[in-house]
Amino acid sequence: MHAPFDDDRTRQSTMALVSSEVEMQLPVVSGHIDPMRGEGKFSKCAIRVLERSGQTSATIAWSDATSCCYGEQLRRRCIARKSGVCALRGQSTARGNAVYRPRRARPAPRNAEAMILASVMEATPVEKAV
């Protein structure tokens, strides 16, 4: 079974050959979170906070039709090593900010670079189970 990213790349490659286009655009590998907030590479993504374990970890649901979908992704609180954008609200993040990032794993998740500001994560209500 091919991942959605691979299927999209195959389709775009085929369309480029059929239409004789010299240049093609590949899909974005990661996505933003709340389509109603913020701009940037994560703007097509939806995130729900499922559970919070104190102020050190949280479980989220991450869904991005162009790159990945994680029903339950564990995130850990850490210090940002570089500046970026908060995936949940689109706010700028600076090096040294407290952020939540995906737990380290092999292979790395496709949204491994996506950060959520700790202040935003901790202020976001946990979604109730249905």
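Residues numbered from 1 in each chain as written. Predicted model: local features only at pLDDT ≥ 70, side-chain atom pairs only at ≥ 80, totals over all residues. Heavy atoms only, no water.

**A few points about the overall build of the protein**
When helices and strands are tallied, the protein shows two helices and seven strands. Starting at the N terminus and walking to the C terminus, you meet the elements of the protein as α-β-β-β-β-β-β-β-α. The 130 residues of the protein split such that 35% are buried. (Helix = DSSP H or I, 4+ residues; strand = E, 2+ residues; numbered from the N terminus. Buried < 20%, exposed > 50% of the residue type's maximum accessible area, 1.4 Å probe, protein only.)

**Description of the confidence of the model for the protein**
For the protein, the mean per-residue pLDDT works out to 77, and 65% of the residues sit at or above 70. Residue range residues 20–39 is modelled with pLDDT below 50. Its contacts to residues more than four positions away, or to other chains, number 64 contacts. (pLDDT = per-residue confidence, 0-100. Contact = heavy atoms within 4.5 Å.)

**Remarks on the pairing of strand β3 (residues 68–79)**
A regular strand places its side chains on the two faces of the sheet in alternate fashion. Alignment of strand β2 (residues 57–64) against β3, held across seven bridges, turns out to be antiparallel. Following the sheet pairing, Ser63 is matched in β3 by Cys69. Between the end of β2 and the start of β3, which pair antiparallel, lie three residues. Two strands pair when backbone bridges link them, and β3 and strand β6 (residues 98–102) are joined in this way by five bridges, in the antiparallel orientation. Bridge pairing links Cys78 to Val99 in β6. (Pairing = 2+ DSSP bridges.)

**Quick notes on the pattern of salt bridges**
Counted by the stated rule, this structure contains four salt bridges. Between Glu127 and Arg48 there is a salt bridge, with its nearest N and O atoms 2.9 Å apart. Here Glu127 is found in the segment after α2 (118–123), whereas its partner Arg48 is found in strand β1 (residues 45–53), with 79 residues between them in sequence. The exposure class assigned to Glu127 is partly exposed, which follows from its relative accessible area of 34%. Overall, the relative accessible area of 40% leaves Arg48 in the partly exposed class. When the shortest N-O distance is used, the salt bridge between Lys82 and Glu113 registers 3.2 Å. Here Glu113 lies in the loop between β6 and β7 (116–117) and Lys82 lies in the loop between β3 and β4 (84–85), a separation of 31 residues in the sequence. When its relative accessible area of 46% is taken as the criterion, Lys82 is described as partly exposed. Given the relative accessible area of 43%, Glu113 is considered partly exposed. (Salt bridge = Lys/Arg side-chain N within 4 Å of Asp/Glu carboxyl O.)

**Some remarks on the pairing of β1**
Looking at chain direction, β1 and β2 are connected through eight bridges and run antiparallel. Across the sheet, Ile47 pairs through a bridge with Trp62, a residue of β2. Hairpin connection, β1 to β2: the antiparallel pair is bridged by three residues, and Gly54 has positive phi, about 65 degrees.

**A short note on the nonpolar core**
Most often, soluble globular proteins have nonpolar side chains that are buried together. Counting residues in each nonpolar core, the largest one holds 20 residues, and the members touching the most others are Ile47, Ile60, Trp62, Ile116 and Met121. Contributing elements (two or more residues each) for this core: β1, β2, β6, β7 and α2. Residues in contact with Ile60, not counting those within four places in the same chain, are Ile47, Arg48, Val49, Leu50, Tyr70, Gly71, Glu72, Gln73, Arg75, Ile116 and Met121. (Core = buried A, V, L, I, M, F, W, Y, C linked by side-chain atoms within 4.5 Å.)

**Re unusual backbone geometry**
Along the chain, Arg106 connects to Pro107 via a cis peptide bond; the corresponding omega equals -5 degrees. With respect to the element layout, Pro107 can be found in the loop between β6 and β7.

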